[in-house]
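Here is how the chains run, residue by residue.
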Amino acid sequence: MSKLTYRGSEYTKFKSVRLHKDDEVIVIAGKEKGKKGKILVIDKKRDRVVVEGLNKRKRFLRPTQENPQGGIVEVEAPMHISNVMFYDSKKKKGVRVGYQENKGKKVRVSKPEGKEI
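Each value, and the rule that gives it
- Numbering of residues begins from 1 in every chain and follows the order in which that chain's sequence is written.
- Per-residue local features are limited, in this predicted model, to residues with pLDDT of at least 70; the limit for side-chain atom pairs, both in listing and counting, is 80 or more; totals at the level of whole chains, interfaces and linings are taken over all residues.
- The side-chain figures draw on all heavy atoms in the structure; neither hydrogens nor water molecules are used.
- Numbering of helices and strands runs from the N terminus; a helix is a DSSP stretch of H or I covering at least four residues, while a strand is a stretch of E covering at least two.
- Under the scheme applied here, a residue whose accessible area is under 20% of the maximum for its type counts as buried, over 50% as exposed, and between as partly exposed, the area being computed with a 1.4 Å probe on protein chains only.
- Any two residues whose heavy atoms approach within 4.5 Å at even a single point are treated as in contact.
- Here the rule is simple: two strands pair whenever DSSP picks up at least two bridges between them.

(A) Inspection of the environment of Tyr99 at higher detail. Relative to the elements of secondary structure, Tyr99 occurs in strand β9 (residues 97–102). A relative accessible area of 35% places Tyr99 in the partly exposed class. For the pair Tyr99 and Ser110, spaced 11 residues apart in the sequence, the C-alpha separation amounts to 8.5 Å. Excluding residues that lie within four positions of it along the chain, Tyr99 makes contacts with Val17, Arg18, His20, Lys106, Val107, Arg108 and Val109.

(B) Inspection of the sheet that holds strand β1 (residues 24–27) at higher detail. Reading across from one edge, β6-β3-β2-β1-β7-β8 is the order of the 6 strands in this open sheet, with antiparallel pairing throughout. The open sheet has two edge strands with one neighbour each: β6 (79–80) and β8 (93–95). Of the pairings in the sheet, the one linking β1 to strand β2 (residues 36–43) comprises 3 bridges and is antiparallel in character. Within the sheet, the bridge partner assigned to Glu24 lies in β2 and is Lys38.

(C) Representation of the environment of Val17 within the structure. Along the chain, Val17 falls in the segment before β1. Classification of Val17 as buried rests on a relative accessible area of 17%. In this view, Val17 contacts Ile42, Lys44, Ile81 and Tyr99; residues no more than four positions away in its chain are not counted.

Any functional reading would require information beyond the geometric quantities listed.
Structural data, given as structure tokens:
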């Protein structure tokens, strides 16, 4: 029996994700380009991230017992992980992230200088 796949897109191409939850990121492509936000969710299987306050979509809620009025709610939609970049608050721009061994521990560093994040 074949495994069911996600119907939106094929599974992951990125092997490692260098961004973590609660990281400050800047959007480098798309309609939200140049905006900053905090990562709320990372979906490693589908290479998607949800960034706080960005890529908003309207959801239409039908009336329920908890919400008898129903209505329209704005929620953050996922965007592709390649469209965001780690934001360095000291340099005030996006930087690439790498890993380095420091005293036997693997730590994240900003790429050009090698400063620990």
